[in-house]
Amino acid sequence: MINLYQFKPAFGLPNASPFCMKVETYLRMAGLPYECVNGADVRKAPKGKLPYIEDAGQRIGDSGFIIDYLVQTYGDKLDEYLSENQRAQALAIRRMIEENLYWAAIYTRWIEDAGFALTREAFFDDMPPLLKQLVPHLARRALRREMMGHGMGRHSRDEIYAIGCRDITALSRLLGGQRYFMGEQPSSLDAITYAFIANLLWVPVLSPLLDEAKKHPNLEAYCQRMKTRYFATATI
Ligand SMILES: N[C@@H](CCC(=O)N[C@@H](CS)C(=O)NCC(=O)O)C(=O)O
């Protein structure tokens, strides 16, 4: 059995970490049996971040390496039909989402005061009182530093939202009227696009990113399609 170590579910989503939700979505799409270990300890993760998995005595960190491992071990159930060119396009879309849009989303949840109030409640509500006072602020400070290191944190609020909104518009154009991002058939890219778009659209954190996502009805319809197809049996 594959064990998926992740944060506890929040905001009514399978996971409020899009990287954790990406791996769970992939496991469901590929039809691989798994169990979630919610509320996992980040300090025990091989790369100091969640998600990670344990399978056949191995621990693998990083959502991308996890999917590589699953493909090598259990076969490429989702992407067999993709051409080399489509694989290259999927990689470019993935990088835009994970390495750029993600940081604009982090700004809405962790740096903006209103977003931070909701994030704090969602992630840390069950901590003992003293830790609940301290840990969210330490996490916020760490993310502020990471955002500076990445470069996104050096931009103004307006610039960050302009950058993020462009990515959302691009995603809507790339999807167009297709059922899935690579066409009429799902691919592993959909585990990423679904996890990240749902984490913008279906989270109560208000921001220009949410406003932009709502302007593109194909994104909402797409998330509903993915949820119905892969999470119909889930409690969340
Ligand atoms: N490249 C990693 C990114 C994972 C990641 O950023 N995880 C965040 C949550 S979304 C995390 O664990 N943060 C906790 C920390 O940095 O202490 C992946 O693809 O899994």
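Residues numbered from 1 in each chain as written. Predicted model: local features only at pLDDT ≥ 70, side-chain atom pairs only at ≥ 80, totals over all residues.

## Regarding the overall build of the chain
Along the chain, the regular secondary structure elements total nine helices and four strands. Starting at the N terminus, the α and β elements of the chain follow one another as β-α-β-β-β-α-α-α-α-α-α-α-α. Restricting to contacts in the chain with at least 6 residues of sequence separation, those with at least 24 account for 69%. (Helix = DSSP H or I, 4+ residues; strand = E, 2+ residues; numbered from the N terminus. Contact = placed C-beta atoms within 7 Å.)

## Considering the environment of proline 14
Structurally, the position occupied by proline 14 is in the loop between strand E1 (2-6) and helix H1 (18-30). Sequence separation between proline 14 and phenylalanine 231 is 217 residues, and the spatial gap between their C-alpha atoms is 8.8 Å.

## Some remarks on the domain arrangement of the chain
Considered domain by domain, the chain is made up of domain 1 (2-74) and domain 2 (84-230). Tallying the contact residues gives 14 residues for domain 1 and 17 residues for domain 2. It is H1 that provides the largest number of residues to the side of domain 1 that touches domain 2, a total of seven residues. Grouping the constituent residues of the side of domain 1 that touches domain 2 by class yields ten nonpolar, two polar and two charged. (Domains from an automatic or database assignment. Nonpolar A, V, L, I, M, F, W, Y, C, P; charged D, E, K, R; others polar.)

## Observations concerning the site of the ligand
Around the ligand, the neighbouring residues are Ser17, Phe19, Val42, Lys49, Leu50, Pro51, Asp62, Ser63 and Gly64. Residue composition of the shell around the ligand, by class: four nonpolar, three polar and two charged. (Near = placed C-beta within 6 Å.)

## Examining the environment of tyrosine 102
For tyrosine 102, the location among the structural elements is in helix H3 (residues 84-111). Tyrosine 102 gets classed as partly exposed once you count the C-beta atoms within 10 Å, which come to 19. Expressed as a C-alpha distance, the spacing of tyrosine 102 and glutamine 185, which sit 83 residues apart in the sequence, is 25 Å. Setting aside anything within four residues of it in sequence, one finds tyrosine 102 in contact with Pro18 and Ile97. (Buried ≥ 20, exposed ≤ 12 C-beta atoms within 10 Å, placed from the backbone.)

## Digging into the nonpolar core
Membership of the largest hydrophobic core comes to 58 residues, with the highest contact counts inside it found for Ala104 and Ile197. At ten residues, the largest contribution of residues to this core is made by H3. Looking at this core, you find at least three residues from each of domain 1 (2-74) and domain 2 (84-230). Those residues in contact with isoleucine 197 that sit more than four places away from it in its chain are Leu171, Ala213, Leu219 and Cys223. (Core = buried A, V, L, I, M, F, W, Y, C linked by C-beta atoms within 7 Å.)

## So, the sheet that holds strand E2 (residues 34-38)
Spatially, four strands are ordered E2-E1-E3-E4 in an open sheet, and the strand pairing comes out mixed. Since the sheet does not close on itself, it has two edges, and those belong to E2 and strand E4 (58-61), each with one partner. For this sheet, the mean angle separating the axes of adjacent strands, direction not counted, is 20°. By the bridge criterion, five bridges tie E1 to E2 in an arrangement that is parallel. Across the sheet, isoleucine 2 pairs through a bridge with tyrosine 34, a residue of E2. Packed on one face of the sheet, H1 meets E1 and E2 and runs near 160° to E1. (Pairing = 2+ DSSP bridges. Axes fitted to C-alpha atoms, helices over the stretch in contact; angles between N-to-C directions.)

## Looking at the packing of H1 against helix H7 (residues 189-201)
Contact geometry for H1 and H7: axes closest at 8 Å, N-to-C directions at 135°. Considering the angle they form, H1 stands oblique to H7. With respect to the hand of their crossing, H1 and H7 are arranged in right-handed fashion. Listed contacts from H7 to Pro18, Met21, Lys22, Thr25, Tyr26 and Met29 of H1 are Asp190, Ala191, Ile192, Tyr194, Ala195, Phe196 and Asn199. (Parallel < 35°, antiparallel > 145°, perpendicular 65-115°, else oblique. Left-handed = near helix turned anticlockwise from the far one by under 90°.)

## A closer look at the packing of H3 against helix H4 (residues 113-124)
Running from amino to carboxyl end, H3 crosses H4 at an angle of 80°, the nearest separation of the two axes being 5 Å. Considering their axes alone, H3 and H4 lie roughly perpendicular with respect to each other. Facing Thr108, Arg109 and Trp110 of H3, the residues of H4 in contact are Gly115, Phe116 and Thr119. When its residues are assigned to classes, the contact of H3 with H4 shows two nonpolar, three polar and one charged.

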